[in-house]
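Examining the three-dimensional arrangement
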Amino acid sequence: MLNYSVKINSIKDLMELRKIAGKYGIDGRINQNGFHGNLKSVLTNVFYLPLEDANIEVTKFADSQVSYLDKAFEKFTA
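The structure contained in this document is the topic of the report that follows. From a predicted model like this one, the values you see are computed outputs, not experimental measurements.

**Some details on the side chain of asparagine 31**
The topology assignment puts asparagine 31 in strand S2 (residues 27-32). A polar atom in the side chain of asparagine 31 sits 3.1 Å from the side chain of glutamate 57. Setting aside its immediate chain neighbours within four residues, asparagine 31 contacts His36, Asp53, Ala54, Asn55 and Glu57.

**With respect to the sheet that holds strand S3 (residues 35-38)**
Strand pairing in a sheet takes place through backbone hydrogen bonds and is either antiparallel or parallel in direction. If you trace the four strands from one edge of the open sheet to the other, you get S1-S4-S2-S3, paired in antiparallel fashion. Since the sheet does not close on itself, it has two edges, and those belong to strand S1 (2-8) and S3, each with one partner. For this sheet the average axis-to-axis angle between neighbouring strands, irrespective of direction, equals 30°. Where S2 and S3 come together, four bridges link them in antiparallel fashion. By the bridge assignment for S3, glutamine 32 is matched with phenylalanine 35. Running at roughly 155° to S1, helix H1 (residues 11-24) makes contact with S1, S2 and strand S4 (51-60) of the sheet. Sheet strands in contact with helix H3 (residues 66-73) are S1 and S4, and its direction is about 15° off that of S1.

About the cut-offs
Residues numbered from 1 in each chain as written. Predicted model: local features only at pLDDT ≥ 70, side-chain atom pairs only at ≥ 80, totals over all residues. Heavy atoms only, no water. Helix = DSSP H or I, 4+ residues; strand = E, 2+ residues; numbered from the N terminus. Polar contact = N/O pair within 3.5 Å; in protein donor to acceptor, adjacent residues only side chain to side chain. Contact = heavy atoms within 4.5 Å. Pairing = 2+ DSSP bridges. Axes fitted to C-alpha atoms, helices over the stretch in contact; angles between N-to-C directions.

Next up, the structure:
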């Protein structure tokens, strides 16, 4: 499992996360203060914006993708 501390402020950020998840074929969750949302779900997560101290848990990924994921999530690093 990979963990990233992120800051998500807009619908555009949620859509970018969904795009990353689709591009790399990963599964995961966004967690913050009792909220647990699916990484690929934009509509559900939009109600909890802004997610200023969120944590993304990536659960399904290939070991060869780690460096690419680190770079992709770097944009959202809190």
